[in-house]
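Listed below are the residues making up each chain.
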Amino acid sequence: MINFKVKRFEFDVRPNIRHVSNAGLSSPNIGFNTKNIE
């Protein structure tokens, strides 16, 4: 996490990686990954 302040405003930048799949409930279960910045 990166935190910085510009005048009166404070910002948090949070990079993350998320994986989504069907938990093996059906086939095929390829899933996908996303890279995000919040």
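Residues numbered from 1 in each chain as written. Predicted model: local features only at pLDDT ≥ 70, side-chain atom pairs only at ≥ 80, totals over all residues. Heavy atoms only, no water.

**Structural notes on the overall build of the protein**
Consideration 1: Across its full length, the protein carries zero helices and four strands.
Consideration 2: Overall, the protein shows an N-to-C arrangement of helices and strands of β-β-β-β.
Consideration 3: Residue burial in the protein is summarised as follows: out of 38 residues, 0% are buried.
Consideration 4: Expressed as a percentage of contacts within the protein between residues at least 6 apart in sequence, the contacts between residues at least 24 apart total 10%.
Consideration 5: Looking at the protein as shown, the accessible area adds up to about 3800 Å², and 58% of this sits on carbon and sulfur atoms. (Helix = DSSP H or I, 4+ residues; strand = E, 2+ residues; numbered from the N terminus. Buried < 20%, exposed > 50% of the residue type's maximum accessible area, 1.4 Å probe, protein only. Contact = heavy atoms within 4.5 Å. Areas by Shrake-Rupley, 256 points an atom, 1.4 Å probe, with all protein chains shown as cover.)

**A look at unusual backbone geometry**
Consideration 1: Between Ser-27 and Pro-28 the backbone carries a cis peptide bond, its omega angle lying at 0°.
Consideration 2: Residue placement: Pro-28 occurs in the loop between β3 (15-20) and β4 (32-37).
Consideration 3: Backbone geometry places Lys-7, a non-glycine residue, at a positive phi of 55°.
Consideration 4: Position of Lys-7 relative to the elements: it lies in the loop between β1 (2-6) and β2 (9-13).

**Regarding a nonpolar patch on the surface**
Consideration 1: A contiguous nonpolar patch, built from Ile-2, Phe-4, Val-6, Phe-9 and Phe-11 and spanning about 470 Å² of accessible area, is present on the exposed surface.
Consideration 2: At the level of elements, β1 and β2 are the ones that each hand at least two residues to the nonpolar patch.
Consideration 3: Ranked by residue count, the leading element in the nonpolar patch is β1, at three residues.
Consideration 4: By the secondary structure assignment, Phe-4 is in strand β1.
Consideration 5: Given the relative accessible area of 38%, Phe-4 is considered partly exposed. (Patch = residues over 30% accessible without salt bridge, like charges linked within 9 Å, V, L, I, M, F, W, Y side chains within 5 Å. Salt bridge = Lys/Arg side-chain N within 4 Å of Asp/Glu carboxyl O.)

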